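The residues making up each chain are set out below.
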Amino acid sequence: MKAKILITSLENMRLFQGKLPTKRWQFCEIVRNVTIEPDPSGVYSDGCYGYIVVDSKKVYVVNHSGGDLFELYN
């Protein structure tokens, strides 16, 4: 599913080498294809946990709000 991913400036530097443009509050939103998986810890409901692929590596994301905005899962 296509979803918006919220990326902070620190995550931008770590994952994208600072290539993404950041906004005034030092975050940016990107649209990526999110592969939904069941949460291995059982904390989040179905459809709220998944991953995106960045440079051939899985980066896990989670949806806290129930909409289409995901954040990186630490």
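Residues numbered from 1 in each chain as written. Predicted model: local features only at pLDDT ≥ 70, side-chain atom pairs only at ≥ 80, totals over all residues. Heavy atoms only, no water.

Student: What am I meant to see in the pairing of strand β1 (residues 2-8) here?
Tutor: The side chains of a regular strand alternate between both faces of the sheet. Side chains A3, I5 and I7 project from β1 onto a buried face, and the interleaved K2, K4, L6 and T8 project onto a face without burial. When β1 meets strand β2 (residues 27-33), the two strands line up antiparallel, connected through seven bridges. Bridged to I5 within β2 is I30. (Buried < 20%, exposed > 50% of the residue type's maximum accessible area, 1.4 Å probe, protein only. Helix = DSSP H or I, 4+ residues; strand = E, 2+ residues; numbered from the N terminus. Pairing = 2+ DSSP bridges.)

Student: Got a minute to help me understand the environment of V59 in this structure?
Tutor: Within the secondary structure layout, V59 lies in strand β5 (residues 57-62). Here V59 falls in the buried class, since its relative accessible area comes to 11%. For the pair V59 and I5, spaced 54 residues apart in sequence, the C-alpha separation works out to 11 Å. Non-local contacts of V59, meaning those with residues more than four positions away in its chain, are made with L15, G50, Y51, I52, V54 and L72. (Contact = heavy atoms within 4.5 Å.)

Student: What should I look at first to understand the confidence of the model for the protein chain in this one?
Tutor: Low-pLDDT portions of the prediction should not be read for the details of their coordinates. This prediction gives the protein chain a mean pLDDT of 90; 97% of its residues lie at or above 70. When pLDDT is averaged over each element of the protein chain, strand β3 (residues 35-36) comes out on top at 96 and helix α1 (residues 9-16) at the bottom at 90. (pLDDT = per-residue confidence, 0-100.)

Student: Teacher, can you tell me more about the nonpolar core here?
Tutor: Nonpolar side chains tend to gather and get buried jointly when the protein is soluble and globular. Core analysis: the largest hydrophobic core is formed by 15 residues, its most contacted members being I5, I7, F16, V34, I52, V61 and L72. Residue assignment for this core shows that the elements contributing at least two residues are β1, α1, β2, β4 (49-54), β5 and β6 (69-72). Here the element with the most residues in this core is β1; it accounts for three residues. Those residues in contact with I52 that lie beyond four places of it in its chain are I5, R32, N33, V34, K57, K58, V59 and V61. (Core = buried A, V, L, I, M, F, W, Y, C linked by side-chain atoms within 4.5 Å.)

Student: Help me out: how do you make sense of the sheet that holds β3 in this one?
Tutor: The strands that make up a sheet pair up through hydrogen bonds in the backbone, lying either parallel or antiparallel. Spatially, the six strands line up as an open sheet ordered β2-β1-β6-β5-β4-β3, and their pairing is mixed. The sheet is open, and its two borders are formed by β2 and β3, each paired with just one other strand. Relative to β6, β5 is paired through two bridges, and the arrangement is antiparallel. Note that in β6 the partner of V62 across the bridge is E71. The sheet strands contacting α1 are β1, β2, β4, β5 and β6, and the helix crosses β1 at an angle near 105°. (Axes fitted to C-alpha atoms, helices over the stretch in contact; angles between N-to-C directions.)

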